[in-house]
Amino acid sequence: MNDKNKLCATTPLEDEKIRITAPKQTAAGPIAVLSSIKHVYKELSLKNCSKTLFSVNQMTGFDCPGCAWPDPDDHRSAMGEFCENGVKAIAEEATEKRVGPGFFAKHSVVELSHWSDFKLGKSGRLTHPMILYPGKSNYEEISWEEAFQKISTQLNKLSSPDEAIFYTSGRTSNEAAFLYQLFVRQYGTNNLPDCSNMCHESSGVALSETLGIGKGSVKLEDFYITDLIIVVGQNPGTNHPRMLTALQKAKQNNAQIITINPLPEAGLLNFKNPQNLGGWLGSGTNLTDLFLQVKVGADVPLFKAILCLLLEEEEAQPGSVFDRDFIEKHTHGYQELIESLRTQNAEELAKQSGVDFSLIKQATHKIKQAKRMIICWAMGLTQHKNAVQNIQELVNLLLLKGCMGKPGSGTCPVRGHSNVQGDRTMGIWEKPKDAFLNQLKENFDFEPPRTHGYDTVNAIKAMAEGKAKVFFAMGGNFLSATPDTNYTARALQNCELTVQVSTKLNRSHLITGKTAIILPCLGRTEIDLQNGKAQFVSVENSMGIVHASRGQLKPASEHLKSEPAIVSELAEATLKDSKVKWTWLTEDYDRIRDIIEQTIPGFGNYNQRVRNDGGFYLPNGAREGNFHTNTGKANFTINPIPEIDVKEDEFIMMTIRSHDQFNTTIYGLDDRYRGIFNARRIVLMHKNDIQKINCQAGDEVDIIGHYEGEERIAPRFKIVAYPIPEQCIATYFPETNVLVPINSYADRSYTPTSKNVVVKLKASS
Ligand code: SF4
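Computed from a predicted model, the values in this text were never measured in an experiment.

Looking only at helices and strands, the protein has 31 helices and 33 strands in total. Here the protein has a C-alpha radius of gyration of 25 Å; the compact-globule value for 765 residues is 27 Å, and the two agree. Taking the principal axes of the C-alpha coordinates as reference, the protein spans close to 75 × 65 × 55 Å. Split into buried and exposed, the 765 residues of the protein put 64% on the buried side. With the model as given, the accessible surface of the protein reaches about 27100 Å², and the carbon-plus-sulfur share is 51%. Counting 84 positive and 88 negative side-chain charges, the protein places the centres of these two groups 3 Å from one another.

For the structure on display, the rule yields 22 aromatic pairs. Between W69 and F223 the ring centres are 5.6 Å apart and the planes differ by 75 degrees, which places this aromatic pair in the edge-to-face class. In this pair, W69 sits in the loop between α2 (46-53) and α3 (84-93) while F223 sits in helix α10 (residues 222-225), placing the two residues 154 residues apart along the sequence. By relative accessible area, which is 5% here, W69 ends up buried. Both rings, one in F104 and one in Y139, keep their centres 5.1 Å apart while their planes meet at 55 degrees; by these two values the pair is tilted.

Okay, the domain arrangement of the protein next. We note that the domain assignment places domain 1 (36-195 + 429-618), domain 2 (201-413) and domain 3 (646-763) within the protein. The C-alpha-based centres of domain 2 and domain 3 are spaced at 26 Å. Taken together, the contact pairs 28 residues of domain 2 with 25 residues of domain 3. Between domain 2 and domain 3, a total of about 2100 Å² is buried, with carbon and sulfur atoms accounting for 56% of that surface. On the domain 2 side of the contact with domain 3, L263, V296 and Q383 bury the most area, a combined 29% of that side's loss.

With that out of the way, let us pick up the side chain of S113. Residue placement: S113 occurs in helix α5 (residues 109-113). Among all residues touching S113, those that are not within four sequence positions of it are K6, L7, C8, P12, R507 and L510.

Turning next to the side chain of T285. Considering the arrangement of structural elements, one finds T285 in strand β11 (residues 285-286). Dropping the residues within four chain positions of it, T285 is found in contact with Q248, K251, L269, N270 and F271.

On inspection of all chains with the given rule, the structure shows 53 salt bridges. Salt-bridge contacts for R242 lead to E81; the nearest nitrogen and oxygen are separated by 3.1 Å. Residue R242 is found in the loop between α11 (236-239) and α12 (243-252), and its partner E81 is found in the loop between α2 and α3; the two are separated by 161 residues along the sequence. Across the pair, exposure class does not vary: R242 and E81 are buried alike. Here K431 and E430 are joined by a salt bridge, their closest N and O atoms 2.7 Å apart. Under the relative-accessibility criterion, E430 is labelled buried at 1%. Taken together, the shared-partner salt bridges connect E43, E92, K97, K122 and K504 into one network.

Let's shift gears to the sheet that holds strand β22 (residues 545-549). Picture the strands of a sheet paired through backbone hydrogen bonds; they go either parallel or antiparallel. Taken in spatial order, the 3 strands make up an open sheet running β21-β22-β23, and their pairing is antiparallel. Looking at which strands have only one partner, the edges of the open sheet turn out to be β21 (537-540) and β23 (616-617). The pairing of β22 with β23 spans 2 bridges and is antiparallel. Note on β23: the bridge partner recorded for I545 is Y617. With respect to the sheet, helix α8 (residues 174-187) is in contact with β21 and β22, its orientation differing from that of β21 by roughly 90 degrees.

This paragraph deals with the sheet that holds β11. What the 3 strands build is an open sheet, ordered β2-β10-β11; its pairing is mixed. The open sheet has two edge strands, β2 (27-28) and β11, and neither has a second partner. Taken together, the 2 bridges between β2 and strand β10 (residues 270-272) define a ladder with parallel strand orientation. Residue pairing in the sheet places A28 in a bridge with K272 of β10.

So, on to the site of the ligand. Surrounding the ligand, one finds N57, C64, C67, F82, C83, G86, P241 and R242. Class assignment of the residues belonging to the shell around the ligand gives a composition of 5 nonpolar, 2 polar and 1 charged.

The next point concerns the pairing of β21. Every second residue of β21 is oriented toward a common face, with V537 and V539 on one face and S538 and E540 on the other, all of them buried. With 4 bridges connecting them, β21 and β22 associate as antiparallel partners. Bridged to E540 within β22 is V546. In sequence, β21 turns back onto β22 through a hairpin of 4 residues, with G544 there showing a positive phi of about 75 degrees.

Looking at the secondary structure, you find K88 in helix α3. Residues contacting K88, with those up to four places away along its chain left out, are S35, H39, H659, D660 and Y667. Of note is the side chain of K88, whose polar atom sits 3.0 Å from the backbone oxygen of H659. A polar side-chain atom of K88 sits 2.7 Å from a polar atom in the side chain of D660.

So, on to helix α28 (residues 589-599). Along α28, the positions that sit buried rather than exposed are Y589, D590, I592, R593, I595, I596 and T599. Sitting at the amino-terminal end of α28 is D588, which places a side-chain oxygen 2.9 Å from the backbone nitrogen of D590.

How each quantity is defined
- Residues numbered from 1 in each chain as written.
- Predicted model: local features only at pLDDT ≥ 70, side-chain atom pairs only at ≥ 80, totals over all residues.
- Heavy atoms only, no water.
- Helix = DSSP H or I, 4+ residues; strand = E, 2+ residues; numbered from the N terminus.
- Rg over C-alpha atoms; globule rule 2.2 N^0.38 Å.
- Buried < 20%, exposed > 50% of the residue type's maximum accessible area, 1.4 Å probe, protein only.
- Areas by Shrake-Rupley, 256 points an atom, 1.4 Å probe, with all protein chains shown as cover.
- Lys, Arg positive; Asp, Glu negative; His and termini not counted.
- Charge placed at Lys NZ, Arg CZ, Asp CG, Glu CD.
- Phe/Tyr/Trp six-rings, centres within 6.5 Å; stacked < 30°, edge-to-face > 60°.
- Domains from an automatic or database assignment.
- Contact = heavy atoms within 4.5 Å.
- Buried area = accessible area lost by both parts, 1.4 Å probe.
- Salt bridge = Lys/Arg side-chain N within 4 Å of Asp/Glu carboxyl O.
- Pairing = 2+ DSSP bridges.
- Axes fitted to C-alpha atoms, helices over the stretch in contact; angles between N-to-C directions.
- Near = heavy atom within 4 Å.
- Nonpolar A, V, L, I, M, F, W, Y, C, P; charged D, E, K, R; others polar.
- Polar contact = N/O pair within 3.5 Å; in protein donor to acceptor, adjacent residues only side chain to side chain.

Dropping the structure here:
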């Protein structure tokens, strides 16, 4: 009997034998190579190890299933075009361990839910379609045909297609994503939330309004010719490690780097590139020239202080700081911005930001000197209530300097998942544009739904309120990736059916609807045979390059199906009068790319150009200085100073990743760069704050959040003294996602405020 009350929605408490050392001052180097070898050695055979590592990110190889940092357009390193965390991602997917019917017969869902996320993930690759019947304790094997039949019956039983939710994780290829959205829209709903809702949705909203495109504008080569790179709210050493190579090259070309972050991250201090001798024997390359340690959530005051100081200099000597010609020709709203800045006091703003005023002056000086400037960011800006304003304030800075639409300059929101940008380009969005729907109507002869669907936050609420009864996930680990874990768990358990298309076991397979189905799919590293012919898929990276990915390994099981095949067979089973030839399309993926070319602008000659070495760039107006906004120009914006209401006994908590983690996948229990080993239930605190709560480093505290009258508790976190601003703390997700309230999200983008949760700490009893 499957007793729901015995299930564990969050990783269970374990006695962690924590070990703490001083945080590292350098990233990568020989240790990263040793760590990579350790990970592949544990998971892969030698044969598969060389097969994968010497084909990942190569022109004819497969795309790394990790982040979305681009590969060089030209030369790819023969020593290997990957980083330590890319190797960990590959080792996870290409592991030789297997999770099949025998495994599930042995381990009940309740038992598995009491395993840590780390242990679940290390169980191995899923090999067979499995079903968990209502009230049963263990998953049982089911045939693909029966699985599709059950899902389609349930879908067609719903009183409205809007009672079903179709989630997408950012690893899904362009071909699978396009077919998926076409199936879901032919089924009759726009309920297409995706992981982008939780990460760069705020960037999409901010950039679309100001620059006319929701994507970054720079290319990799811009890093090599720029004068100044500002890295804000991002930790590339762990989350986009090959970015360090681009920063090193920029430094070698005399660029300056300013880092803005509440935490001094090793990856932005010094980089030992293992691709050259200096990275083994030398002292590495110092990256950051100026570190501004901003308080959590105080980015707008900091950026505005810089804008005010730049304005002072500009007004003292007109034309010496601002690019008047660019402003004149290409922007809208300049005067309003200037008038609003004149009402501000830079020194007061500096105080609010927590950054020393003299350092802000130094940053202003570097920005003034720069003719070309790139600003990079990630979750540190996008997961706040005022996230959209955070990003728009940065755009103001670029526009005043005329650093848009020219080489060496522009915006660089770095995507954390290999094809999250591609999925959105393919139409995975709950708010589709009419032009896209009209094209679908014309090309596939059906009337697409026009009502916007649920994003991730509203999808969870719909399930909790019983408005949605079926949840289908294309990849990912929805339960652990989303906010308010216990609320989300109840929402999923409220469904009649939950379906997960997955490669590996995770907690979302254990906290399920009344009936749960697992559909095991091919991984990015695996050969995808359709009609006896090896197919390739395509993805889009952070710079808007669409390129091919060709699996190299024999699939982990003969029972796996590719994502496109799963979608087309489900569509055949579910849609009664679709005119789309689903099976024919998946017999040769060139056919899918042909219909993408006919539907989405910028994909002309798709099949020919995707076969070019390195693929092709999608059009990008902001890169070319064409701003397709409501004014036809780049828009300045006026962004209010956020109210930071934190009482004396409260802290602002931000959730972060450890170095042994990729999103919710836990590769290991160490966070080497921060000097934390064999532990995940930790809280980084300033030594003065530890004293303030009468505790010591190593003591355990409960973290308690009160929001809209509700209390949320995350128990037993070990205190780690860390150089973080006072009244700011940091913890790992998914362990503290339980504290992120479902109703706490960014204005206009609905991105959960995982970087800004007000909490209290109490010594654990
Ligand atoms: S930087 Fe990102 S895409 Fe590149 S190898 Fe590392 S994880 Fe993979």
